[in-house]
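Each chain, letter by letter, is given below.
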Amino acid sequence: MKLRRGHRRVLLALARGDVVKSHRFVSGRKIYRIHPLDGGKSRRVRRKVLEDLMDAGLIYSNKKFPAAAYLLTSRGREQLAGLGIKGVRAVGGVNFLDEHRR
């Protein structure tokens, strides 16, 4: 998968330990946000960016309601290592989420 700026932004946020969530509403509406670990202002993420990363097996959703969190998979960690990112602080399993897909 060729990573675009939005993809890298999400992966780097997860590597820093930030939380990426989809906030679901009873109406069916969803918004996607990056919540910084330091408590700073959250930022919106496009749904397509998260779908691309899930389809590539780089992240996985825990599918919780009303706010699902996205976790970095082992494949996602490998992608970050390929970008030269070390010291990943992401929450998530190692060698656990790899066989799961949406």
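Report on the accompanying structure. (Residues numbered from 1 in each chain as written. Predicted model: local features only at pLDDT ≥ 70, side-chain atom pairs only at ≥ 80, totals over all residues. Heavy atoms only, no water.)

**A word on the sheet that holds strand β5 (residues 67–72)**
So, point 1. In space, the five strands of this open sheet follow the order β3-β2-β1-β5-β4, with antiparallel pairing throughout. On the outer flanks of this sheet lie β3 (43–44) and β4 (59–61), each paired with one strand and no other.
So, point 2. Where strand β1 (residues 19–24) lies against strand β2 (residues 30–35), six bridges are found, and the strand directions are antiparallel. Bridging from a neighbouring strand, Ser22 pairs with Tyr32 of β2.
So, point 3. Lying on the sheet, helix α2 (residues 47–55) is in contact with β1, β2, β4 and β5; it crosses β4 at an angle near 110°. (Pairing = 2+ DSSP bridges. Helix = DSSP H or I, 4+ residues; strand = E, 2+ residues; numbered from the N terminus. Contact = heavy atoms within 4.5 Å. Axes fitted to C-alpha atoms, helices over the stretch in contact; angles between N-to-C directions.)

**Points about the packing of aromatic side chains**
So, point 1. One pass over the structure, following the stated rule, counts zero aromatic pairs.
So, point 2. Above the face of the Phe25 ring, Arg29 is positioned so that its terminal group lies 4.5 Å from the ring centre. (Phe/Tyr/Trp six-rings, centres within 6.5 Å; stacked < 30°, edge-to-face > 60°. Lys NZ or Arg CZ within 6 Å of the ring centre and 35° of its normal.)

**Things to note about unusual backbone geometry**
So, point 1. A positive phi angle, near 55°, is found at Lys63, a position not held by glycine.
So, point 2. Its location among the elements puts Lys63 in the loop between β4 and β5.
So, point 3. Exposure remark for Lys63: the relative accessible area of 44% places this residue in the partly exposed category. (Buried < 20%, exposed > 50% of the residue type's maximum accessible area, 1.4 Å probe, protein only.)

**Some points on the side chain of Ser42**
So, point 1. Tracing the sequence through the fold places Ser42 in the loop between β2 and β3.
So, point 2. Polar side-chain contacts of Ser42 include one of 2.7 Å to the side chain of Arg33. (Polar contact = N/O pair within 3.5 Å; in protein donor to acceptor, adjacent residues only side chain to side chain.)

**A look at the nonpolar core**
So, point 1. If you look at the biggest cluster of nonpolar residues, it comprises 19 residues, and the most contacted ones within it are Val10, Leu11, Leu50, Leu53 and Ile59.
So, point 2. Looking at this core, the elements that each hand over two or more residues are α1 (5–16), β2, α2 and β5.
So, point 3. Ranked by the residues each element gives to this core, the list is headed by α1, at five residues.
So, point 4. Beyond its immediate stretch of four places on either side in the chain, Leu11 contacts Leu3, Leu53, Leu58, Ile59, Leu72, Gln79 and Leu80. (Core = buried A, V, L, I, M, F, W, Y, C linked by side-chain atoms within 4.5 Å.)

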